Amino acid sequence: MRLANKTAIVTGASQGIGLACAQRLVQEGARVMLVDIRPEGADAAATLGDAARFHQADVSIKAEVDAMMAATLAAFGQVDILINNAGVTHAADFLDLEEDDFDRVLRINLKSMFLCSQAAAREMVKRQSGCIINMSSVNAELTIPNQVPYVVSKGGVNQLTRVTAISLAQHGIRVNAIGPGTILTELAKKAVLGSPEARHTILSRTPLGRCGEPEEIAGIAAFLASDDASYMTGQTLYADGGRMALNYTVPVRE
Ligand SMILES: NC(=O)C1=CN([C@@H]2O[C@H](COP(=O)(O)OP(=O)(O)OC[C@H]3O[C@@H](n4cnc5c(N)ncnc54)[C@H](O)[C@@H]3O)[C@@H](O)[C@H]2O)C=CC1
Ligand SMILES: C[C@H](O)[C@@H]1OC(=O)[C@H](O)[C@@H]1O
């Protein structure tokens, strides 16, 4: 129960990594506001009992972020932890990519993290303590040709993590990121696991020989949110099956 009496906001929490993070934080004793643009998170929150609430919001829109913060303060009275997890991707070759699609991915994957972090930090400053966790990716440093705005947004997430960390350290607020590899969620199934060939390509670049599970990322989030990470800020922790350590392919074991 490393997070007893803490209040967390998790964005993109209706499914996937965000839902796993919300579930793990509740297991660790936190109260959690699950936030998502889709209403399905309400059912997930209901399964978590009194420790969880759901708020529907598009976290790339400031007015909706302000409403999310107000709802969290009304429900729980404080904000100690923010997990900026909401994210999307859009597949298109560079020459075919539309401006609106580029803007949408950057707005959701990067600008939303600035908006939510600023709103949460203004509350955390009052208590001179807090923790922000941004969901980055191995694709902050590796690239996928038809994922232009996605890889750009994730590179920005790593820098946003660093600049937010040095801006808020004086207030006792830590800011770190997690860089998952390929995790078995709807996003990855759509983006890179859509065919046996694509799956083989991913596994040929993953020394541990498998994709990750959302719960494996949630465990890292719980660590970063806890006092076990009290001297960590400005860092990106990669949980990728060894992908970032690899510069060649490995035999696929299926
Ligand atoms: N699944 C993977 O292999 C990896 C995922 N990630 C990152 O992890 C995060 C979560 O990804 P997954 O769980 O795989 O995705 P997912 O697609 O399963 O879940 C993302 C959730 O975010 C919500 N969302 C989207 N736009 C939103 C908005 N504007 N406001 C509020 N909620 C919004 C969606 O409704 C959805 O419930 C993303 O930031 C993604 O980039 C990073 C590396 C690997
Ligand atoms: C869209 C990506 O390909 C997806 O999300 C990530 O960051 C992982 O690399 C997944 O494959």
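Cut-offs and rules
Residues numbered from 1 in each chain as written. Chains lettered and ligands numbered in written order. Predicted model: local features only at pLDDT ≥ 70, side-chain atom pairs only at ≥ 80, totals over all residues. Heavy atoms only, no water. Near = heavy atom within 4 Å. Polar contact = N/O pair within 3.5 Å; in protein donor to acceptor, adjacent residues only side chain to side chain. Helix = DSSP H or I, 4+ residues; strand = E, 2+ residues; numbered from the N terminus. UniProt positions renumbered as here; feature names shortened; annotations may be inferred. Core = buried A, V, L, I, M, F, W, Y, C linked by side-chain atoms within 4.5 Å. Buried < 20%, exposed > 50% of the residue type's maximum accessible area, 1.4 Å probe, protein only. Contact = heavy atoms within 4.5 Å. Patch = residues over 30% accessible without salt bridge, like charges linked within 9 Å, V, L, I, M, F, W, Y side chains within 5 Å. Areas by Shrake-Rupley, 256 points an atom, 1.4 Å probe, with all protein chains shown as cover. Salt bridge = Lys/Arg side-chain N within 4 Å of Asp/Glu carboxyl O. Lys, Arg positive; Asp, Glu negative; His and termini not counted. Charge placed at Lys NZ, Arg CZ, Asp CG, Glu CD.

## Some thoughts on the site of ligand 1
Inference 1: The environment of ligand 1 is made up of 29 residues, and the closest members are Asp36, Tyr150, Gly181, Ile183 and Thr185.
Inference 2: Valine 59 places a polar main-chain atom, nitrogen or oxygen, 3.1 Å from a nitrogen atom of ligand 1.
Inference 3: Separating an oxygen atom of ligand 1 from a side-chain N or O atom of lysine 154 is a distance of 2.9 Å.
Inference 4: At the level of elements, α1 (16-27), α5 (148-168) and α6 (186-191) are the ones that each hand at least two residues to the shell around ligand 1.
Inference 5: Here the shell around ligand 1 gets three residues from one element, more than from any other, and that element is α6.

## Brief notes about the UniProt feature "domain: Ketoreductase" (unreviewed entry) in the protein
Inference 1: Under the feature "domain: Ketoreductase" (unreviewed entry), the UniProt entry names residues 6-181.
Inference 2: Between the end C-alpha atoms of residues 6-181 there is a gap of 28 Å, over a span that is 48% helix and 19% strand.

## Concerning the nonpolar core
Generally speaking, a soluble globular protein has its nonpolar side chains buried in company with each other.
Inference 1: In terms of nonpolar packing, the biggest core is built from 33 residues, with Val10, Cys21, Leu25, Val32, Leu34, Ile83 and Ile133 touching the most fellow members.
Inference 2: Elements represented by at least two residues in this core include exactly β1 (7-11), α1, β2 (31-36), α2 (41-47), β4 (81-84), β5 (130-135) and α8 (214-225).
Inference 3: Among the elements that line this core, the one with the most residues is α1, at seven residues.
Inference 4: Apart from the residues lying within four places of it in its own chain, the contact partners of cysteine 21 are Val10, Ile83, Met135, Ala218 and Ala221.
Inference 5: Ranked by size, the runner-up nonpolar core spans 23 residues in total, among them Leu82, Ala119, Leu168 and Val175.

## Quick notes on a negative patch on the surface
Inference 1: A cluster of acidic side chains, namely Asp93, Asp96, Glu98, Glu99, Asp100 and Asp103, defines a negative patch on the protein surface.
Inference 2: Topologically, aspartate 96 is positioned in the loop between β4 and α4 (99-127).
Inference 3: Its relative accessible area of 52% is what places aspartate 96 among the exposed residues.

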